[in-house]
Each structure stands twice: as structure tokens, then as C-alpha cells.
Amino acid sequence: GVLRKATDHDIQKFNAGKESAINAKNVCKELVEKFELNMHLVDVIYSLNRNKINFIFTSDERVDFRDLVKELAKQFQKQIHLQQIGPRDKSRFVRGYGKCGRKLCCQQVVGKLKSITMDMVRVQGMSNKGSEKLSGVCGKLMCCLAYEAPAYDELGKKMPPLYSKVVLKDGKKGIV
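The sections below set out a description of the structure shown in this document. (Residues numbered from 1 in each chain as written. Predicted model: local features only at pLDDT ≥ 70, side-chain atom pairs only at ≥ 80, totals over all residues. Heavy atoms only, no water.)

## Description of the overall build of the protein chain
For step 1, the next point in the chain: For the protein chain, the count of helices and strands is 7 helices and 5 strands.
For step 2, the next point in the chain: When the helices and strands of the protein chain are listed from N to C terminus, the series reads α-β-β-α-β-α-α-α-α-α-β-β.
For step 3, the next point in the chain: In terms of overall dimensions, the protein chain is more spread out than a globule: its C-alpha atoms have a radius of gyration of 24 Å, far above the 16 Å expected for 176 residues.
For step 4, the next point in the chain: Along the first, second and third principal axes, the C-alpha set of the protein chain runs to 80 × 40 × 25 Å.
For step 5, the next point in the chain: Each of the 176 residues in the protein chain was classed as buried or not, and the buried ones make up 29%. (Helix = DSSP H or I, 4+ residues; strand = E, 2+ residues; numbered from the N terminus. Rg over C-alpha atoms; globule rule 2.2 N^0.38 Å. Buried < 20%, exposed > 50% of the residue type's maximum accessible area, 1.4 Å probe, protein only.)

So, in C-alpha cells, the structure goes:
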């Protein structure tokens, strides 16, 4: 939560933490190689009071990083926290632009990311599209699929079934 507006002193400590994080990231990368761990370091964040260092990483598998934590704690003399994140969260850290040319949706969402389901794809009539059209930068279903799904769902309830014959108010006939 938000405690108060950041002071100049807070900002100074935050910026100093960013500089220290660069060093910590390099040290951690070397240790990851040394211990031959299958993990990719995404970011390193120092707490404002500089008592804790948070190492954020991705991995396709479960990683036993106990030796890594011990070595990091020994080298930095701080509380160490390792946090594994998924591909969508990684996109939030890395940042970038989607196929639409706009900033990544996951980058703009505050808080927890909403799950995107195939039901959202089906209700929009896009289930016949290939995975390359439906996947975002992170490789998961695009976040934007969630934005229009409720409108499509509501419209679908009012519309006649696909390929059904209809007669319009002016007497014109057609097929949906």
C-alpha cells in the first residue's frame, strides 16, 4: 500500500538502491552460472531501508536455489528474497509494445493480471485463428482478449445464431 508521498530523501535512497542493484544483478548472474541453475534473472530491487534485496527471475522449471541464497546473503550481508515470476509478469518488467503498436497491456495493469481463457477467444469468434495471432509477446493469450469479451458475450445473447435466416424490419431477407 501507499504510506505517503515520496520525499526527496526517499527518492535519493531509491536511486542509490538502483545503482547497487546493478552490482547485485551482476554478482547474482555469475553465481547462477557457477551453480548451473536454469533461471533467468529479470530484475533486482533493494528495499528503501536497504535491509533486503529482492531478486526476480523466471524459469521453466522448479529451481533449488538454496545455495544461491546462502552465497548472496554471505556476500551482501542483507536479507535475500528470490521471487519466481511467470512470462506475463516478465513482460511487465521488460516492457515493450504489442502487435497493435500500443504499450503492452500487462505493463499498464495495476495489481494482479487477469487470467485469459479460451472462452474469451470463442465468444469473440476467434478460435479459428492460429496461436501466433492470439499470443502476446509473453507467449500467452493476449491480455486485450479480456477487454472485449463481455461486450461480445452480451451481443451474442441478442443475436440470432450464425448462418440462420433472418427477415429485417424493412422486409429484406438475409443470412447471419
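We are not done yet, so read on.
## Remarks on the pattern of salt bridges
For step 1, the next point in the chain: Inspection of every chain in the model, using the stated rule, returns 4 salt bridges.
For step 2, the next point in the chain: With a shortest N-O distance of 2.4 Å, Asp10 and Arg4 are connected by a salt bridge. (Salt bridge = Lys/Arg side-chain N within 4 Å of Asp/Glu carboxyl O.)

## Description of the layout of surface pockets
For step 1, the next point in the chain: By volume, the largest pocket is sized at about 370 Å³.
For step 2, the next point in the chain: Residue lining of the largest pocket: 19 residues in total, with Cys100, Lys103, Leu104, Cys105 and Cys144 positioned closest to the centre.
For step 3, the next point in the chain: Of all the elements, helix H4 (residues 105–108) adds the most residues to the lining of the largest pocket, at 3 residues. (1 Å grid on protein atoms, 1.4 Å probe; cavity = no way out; pocket = protein on both sides within 12 Å on 5 of 7 lines; lining within 4 Å. Points joined across faces, edges and corners; volume = space filled by probe spheres on them.)

## Overview of the nonpolar core
For step 1, the next point in the chain: Met39, Phe55, Leu68, Leu72 and Leu82 are the most contacted members of the largest nonpolar core, which totals 20 residues.
For step 2, the next point in the chain: Among the elements that take part in this core, helix H1 (residues 8–34) stands out by supplying 6 residues, more than any other.
For step 3, the next point in the chain: Residues contacting Met39, with those up to four places away along its chain left out, are Val32, Phe57, Thr58, Ser59, Val63, Leu68 and Leu82.
For step 4, the next point in the chain: With 8 residues, the next largest nonpolar core counts Ile116, Met120, Val121 and Leu145 among its residues. (Core = buried A, V, L, I, M, F, W, Y, C linked by side-chain atoms within 4.5 Å. Contact = heavy atoms within 4.5 Å.)

## Points about the packing of aromatic side chains
For step 1, the next point in the chain: Enumeration over the complete set of coordinates arrives at 1 aromatic pair.
For step 2, the next point in the chain: Considering the side-chain rings of Phe57 and Phe65, the 5.7 Å spacing of their centres and the 80 degrees angle between planes classify their relative orientation as edge-to-face.
For step 3, the next point in the chain: On the basis of relative accessibility, which here comes to 24%, the residue Phe65 falls in the partly exposed class.
For step 4, the next point in the chain: Here Arg50 stacks its cationic end above the ring of Tyr46, 4.7 Å away from the centre of that ring. (Phe/Tyr/Trp six-rings, centres within 6.5 Å; stacked < 30°, edge-to-face > 60°. Lys NZ or Arg CZ within 6 Å of the ring centre and 35° of its normal.)

## Side note on helix H7 (residues 145–158)
For step 1, the next point in the chain: A rise of 1.5 Å per residue sets the reference length of H7, with its 14 residues, at 20 Å; its end C-alpha atoms lie 21 Å apart and thus fit the reference within 8%.
For step 2, the next point in the chain: Of the positions making up H7, those classed as buried are Leu145, Ala146 and Ala149.
For step 3, the next point in the chain: Looking at the buried residues of H7, the elements they touch are helix H5 (118–123) and helix H6 (131–134). (Expected span 1.5 Å × (residues − 1).)

## A look at the sheet that holds strand S1 (residues 40–46)
Sheets are built from strands that pair by backbone hydrogen bonding, the pairs being arranged parallel or antiparallel.
For step 1, the next point in the chain: Pairing is mixed across the open sheet formed by 3 strands, whose spatial order is S1-S2-S3. The open sheet has two edge strands with one neighbour each: S1 and strand S3 (79–84). When strand polarity is set aside, the average angle formed by the axes of neighbouring strands in this sheet is 20 degrees.
For step 2, the next point in the chain: Where strand S2 (residues 52–58) meets S3, 6 bridges bridge the pair, whose relative direction is parallel. Each bridged residue has a counterpart across the sheet, and for Lys52 the counterpart in S3 is Gln79.
For step 3, the next point in the chain: Relative to the sheet, H1 contacts S1 and S2, its axis offset from that of S1 by approximately 145 degrees. (Pairing = 2+ DSSP bridges. Axes fitted to C-alpha atoms, helices over the stretch in contact; angles between N-to-C directions.)

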